[in-house]
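# Chain and residue survey
Spelled out, the chains give:
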2 protein chains.
Amino acid sequence: MFAVLVQIHVKSEFVDAFIEATLDNCRNSVHEPGIATFDLLRAQDDPACFSLYEIYHMPEAQLAHRETAHYLRWREAVEPMMAEPRTFSKLDVLFHEEG
Amino acid sequence: MFAVLVQIHVKSEFVDAFIEATLDNCRNSVHEPGIATFDLLRAQDDPACFSLYEIYHMPEAQLAHRETAHYLRWREAVEPMMAEPRTFSKLDVLFHEEG
């Protein structure tokens, strides 16, 4: 089980459109069999700075996610909204349990 | 609902002790009524670099967490293990649902 933390800085005029497109991606992604968590977050000190917190059960699940219609639709929709290239951190999950 | 992302860089000789102390904190914290998620993560490119990903239902839940015996025990145990002061990001949760 591993996590991917994606940091996304959006141009301010696209904030609402980015949220709409990304909620569509989250709602579909969280139902993929290999995905445990697919959270959308916004920094409290910068309303144009978002994070995705994604937990995958195994490496193949991330590859499968990147071939889904909802991921491809999201990637195309948000590409012009980015203020800078998004960054990725890969993390091993040492504890994850729903409260 | 909001999240706190804590970045913790540990002195290399304390990595195992830090994991043990933090798993104790996670296992107890996730059962607090105001906490939805309390994940422990380790950067794949730096085995001494950890994150805590904590989701609270409301602000009071974070205050209550900081008064629990397991939080106070954790804070005291890990204080000498830090390579540098830990950093905190506060994030609004726009989507969180278990897959």
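Note: the structure precedes this text.
Residues numbered from 1 in each chain as written. Chains lettered and ligands numbered in written order. Predicted model: local features only at pLDDT ≥ 70, side-chain atom pairs only at ≥ 80, totals over all residues.

## With respect to the interface of chain B and chain A
A common way to report how large an interface is uses the accessible area buried once the components associate. For clarity, the cut-off: It is the C-beta atoms, placed from the backbone, that decide contacts: two residues are in contact if theirs lie within 7 Å. Numbered from the N terminus, helices here are DSSP runs of H or I no shorter than four residues, and strands are runs of E no shorter than two. What makes two strands pair is DSSP finding at least two bridges between them.
Taken together, the contact between chain B and chain A spans 29 residues of the former and 29 residues of the latter. Elements with a minimum of two residues in the side of chain B that touches chain A: helix H1 (15-29), strand S2 (35-43), strand S3 (49-56) and strand S4 (87-95) of chain B. With nine residues, S2(B) is the single largest residue contributor to the side of chain B that touches chain A. Pairing between strand S4 (residues 87-95) of chain A and S2(B): four bridges, direction antiparallel. By the bridge assignment, Val93(A) is partnered in S2(B) with Leu41(B).

## Description of the relation of the copies chain B and chain A
Definition in use: The fit set for superposing copies consists of C-alpha atoms from residues with pLDDT of at least 70 in both; the fit itself is least squares.
Of the transformation superimposing chain B on chain A, the axial component is 0.0 Å and the angular component is 180°, with the fit at an RMSD of 0.0 Å. Both copies are brought into coincidence by an operation consistent with a two-fold rotation axis. Rotation axis and chain B: the residue whose C-alpha lies nearest the axis is Glu98(B), separated from it by 3.9 Å. Interface residue correspondence from chain B to chain A reaches 100%, placing this contact among same-surface, isologous pairings.

## Section: the packing of helix H1 (residues 15-29) of chain A against helix H3 (residues 69-78) of chain A
All names here are of chain A. Our working definition: Lines fitted to the C-alpha atoms define the axes, with helices restricted to the stretch that makes contact. Angles between their N-to-C directions range from 0 to 180 degrees. Roughly parallel covers angles under 35 degrees, roughly antiparallel covers those over 145, roughly perpendicular covers 65 to 115, and oblique covers all other angles. Handedness of a crossing is defined here by the sense of rotation of the near helix relative to the far one, left-handed for an anticlockwise turn of less than a right angle and right-handed for a clockwise turn.
For the pair H1 and H3, the least separation of the axes is 9 Å and the interaxial angle reads 165°. Overall, the two elements H1 and H3 adopt an arrangement that is roughly antiparallel. Considering only the axes of H1 and H3, their crossing is left-handed. In contact with Phe 18, Ala 21, Thr 22, Asp 24, Asn 25, Asn 28 and Ser 29 of H1, H3 contributes His 70, Tyr 71, Trp 74, Ala 77 and Val 78.

## Observations regarding the pairing of strand S1 (residues 2-9) of chain B
All names here are of chain B. Inspection of the sheet shows S1 paired to S3 by eight bridges, in the antiparallel sense. Along S3, the bridge assignment pairs Leu 5 with Tyr 53. Bridge count for S1 against S4 is six bridges, and the pairing is antiparallel. Paired with Leu 5 across the bridge in S4 is Ser 89.

## What about the environment of Val93(B)?
Counting through the fold element by element, Val93(B) comes out in strand S4. Sequence separation of Val93(B) and Asp16(B) is 77 residues, and the distance between their C-alpha atoms is 31 Å. Apart from residues lying up to four places away in sequence, Val93(B) is in contact with Asp39(A), Leu41(A), Met1(B), Phe2(B), Ala3(B) and Ile55(B).

## Describing the sheet that holds strand S1 (residues 2-9) of chain A
The strand order S1(A)-S3(A)-S2(A)-S4(B)-S1(B)-S3(B)-S2(B)-S4(A) describes a closed barrel built from eight strands, whose pairing is antiparallel. For this sheet the average axis-to-axis angle between neighbouring strands, irrespective of direction, equals 35°. Here H1(A) sits on the sheet in contact with strand S2 (35-43) and strand S3 (49-56) of chain A together with S4 of chain B, set at roughly 160° to S2(A).

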